[in-house]
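Residue-level listing of the chains:
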Amino acid sequence: MSPERQGLPSRLFVGPGGLRIVVAENHATPITAVAVSCLGGVRNERRDLSGITHLTQRMLLKGTRVRSAEELAEGFEFLGARYAPFTSKDLVGATLSVLSRNLARALDLLAECLLQPFFLPEELERERRLVLTEIQRRQDDGFACAMDLSEAALYRKHPYRLPVAGSQSSVRRLDRERLIRWHGRLYSPDRMVVAVVGDLRATHMRDLVLEAFASLDRPRPALREADPEEPPTAPRRRTRRRARQHVALALSFMGPHFPSSDFLAMDVLSQVLAGMSGRLFTELRDRRGLGYAVGAGLEPRRDRSHFGVHLGTSLENRQVALEALLEELRRVREEPVPRQELARVRRHLLGLFSISLQRKAVQAARLAFFELMGAGHGFLQGYPEAIRRITPEAMLEAARRHLHLEGYACGQVLPHPPSRRSR
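Keep in mind it's a predicted model, so treat the numbers as computed, not measured.

On a plain count of helices and strands, the chain comes out with 16 helices and 11 strands. Expected size for 423 residues packed as a compact globule is a radius of gyration near 22 Å; at 23 Å, the chain falls within 12% of this value. Taking the principal axes of the C-alpha coordinates as reference, the chain spans close to 65 × 55 × 35 Å. Buried positions account for 55% of the 423 residues belonging to the chain. When contacts within the chain are restricted to residue pairs at least 6 apart in sequence, long-range pairs at least 24 apart make up 82% of them. Within the structure as shown, the chain displays about 19000 Å² of accessible surface, and the carbon and sulfur contribution to it stands at 50%. Across the chain, the 66 positively charged side chains and the 49 negatively charged ones have centroids separated by 4 Å.

Below, the structure is given as structure tokens:
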């Protein structure tokens, strides 16, 4: 039986310092998944510290005050555990999957990594080099670069304009002392949720989390809050030239707040546009041959969600393709989606949702995310029904409120212009 049909009932406990613990019993397999999420991603960074959260998170696997990186790796391997830290625009944290009988020891290792990193200088330099390579690869990736450019154009002062990994210049400036100070403020119990999904009793899972995170008993100093920003009132563009033959375009819009009814309507609308059966693919790629790759997506965020579309095309078709892309967006602002099309998209969206929840790791991650972002952990149960209630009229109104075609941001990666010698 799928988690959607089971309902995956979850319970919330509040520990010392305001730490929230969400637990859900799932006895399908003898595995327990843990997701630790904390408010404090790119949204809280400054331009001169861009990438500090990402680099700090990478160091959480590189040794603690008690164990070296090799000892940590051996410890997780011995327990049969998979551990991975993460950074996003709004959140930091880590995920853990382990055999349920080893949960207590795995949680102790997880808490040690998150709360007691040592930031060994030689490990820091090694990770810095890897991050610099990661940044360069993203800049060399046409679509990733275009998306970053579009967000940099969409926001003029909000930290969302900054890439998760930072810039080459900012990452080179980050030293050990800065990372230690940043980490000292990052993981605060009042901004943190630990979600656990496993085949153990709920109260037992709660007690194991409280024991592992016992040192996290009081809030840390607050992080810098981001200033609000209004959507642009005229198109903004950023362009970068690359040694490539094709053009990558990305459009960005400030979407509705999560988890409002407008957000759910735009979530469904993004699926109308995206995918191999979506309008962008069938109209721009199949029927008109204007692009080789198209897509759309809605990303929930604390300060208004991000709605983006992207398109890969040729230099000759760039302007026509951009106009066709805007025309498809204009169409969803002016015409309600036919109910038959909505029914197909809804089935597809809920099917993907149900399939994703076959994994306990995804269940835990979503419980933590929903609780931390203000929807509440119960939103995991309520999401399918909320999607079923979305109507064509609601989608039309949401599109009109948030897809401002007079004020979008465009990022584009173009080929280098031909040199005079080659003409």
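The structure having been displayed, the exposition proceeds.
With 18 residues, helix α13 (residues 339–356) should cover 26 Å at 1.5 Å per step; its first-to-last C-alpha distance of 26 Å lies within 8% of that length. Every buried residue belonging to α13 is among Glu-341, Leu-342, Val-345, Arg-346, Leu-349, Leu-350, Phe-353, Ser-354 and Ser-356, and all of these are buried.

This part is about empty space enclosed by the protein. Applying the stated criterion to the full structure yields 1 cavity of 30 Å³ or more. Contributing to the lining of the largest cavity are Pro-231, Pro-232, Phe-253, Met-254, His-402, His-404 and Gly-407. Along the lines of polarity and charge, the residues of the lining of the largest cavity split into 4 nonpolar, 3 polar and no charged.

As a further point, take the packing of α13 against helix α15 (residues 379–388). Think of two packed helices as two axes; the pair is described by the angle between the axes and how far apart they sit. Relative to each other, α13 and α15 sit at 170 degrees, their axes nearing to 10 Å. Between α13 and α15, the angle is such that the two are roughly antiparallel. Across from Arg-346, Leu-349, Leu-350 and Phe-353 in α13, the residues of α15 making contact are Leu-380, Tyr-383, Pro-384, Ile-387 and Arg-388. When its residues are assigned to classes, the contact of α13 with α15 shows 7 nonpolar, no polar and 2 charged.

What counts and what doesn't
- Residues numbered from 1 in each chain as written.
- Predicted model: local features only at pLDDT ≥ 70, side-chain atom pairs only at ≥ 80, totals over all residues.
- Heavy atoms only, no water.
- Helix = DSSP H or I, 4+ residues; strand = E, 2+ residues; numbered from the N terminus.
- Rg over C-alpha atoms; globule rule 2.2 N^0.38 Å.
- Buried < 20%, exposed > 50% of the residue type's maximum accessible area, 1.4 Å probe, protein only.
- Contact = heavy atoms within 4.5 Å.
- Areas by Shrake-Rupley, 256 points an atom, 1.4 Å probe, with all protein chains shown as cover.
- Lys, Arg positive; Asp, Glu negative; His and termini not counted.
- Charge placed at Lys NZ, Arg CZ, Asp CG, Glu CD.
- Expected span 1.5 Å × (residues − 1).
- 1 Å grid on protein atoms, 1.4 Å probe; cavity = no way out; pocket = protein on both sides within 12 Å on 5 of 7 lines; lining within 4 Å.
- Points joined across faces, edges and corners; volume = space filled by probe spheres on them.
- Nonpolar A, V, L, I, M, F, W, Y, C, P; charged D, E, K, R; others polar.
- Axes fitted to C-alpha atoms, helices over the stretch in contact; angles between N-to-C directions.
- Parallel < 35°, antiparallel > 145°, perpendicular 65-115°, else oblique.

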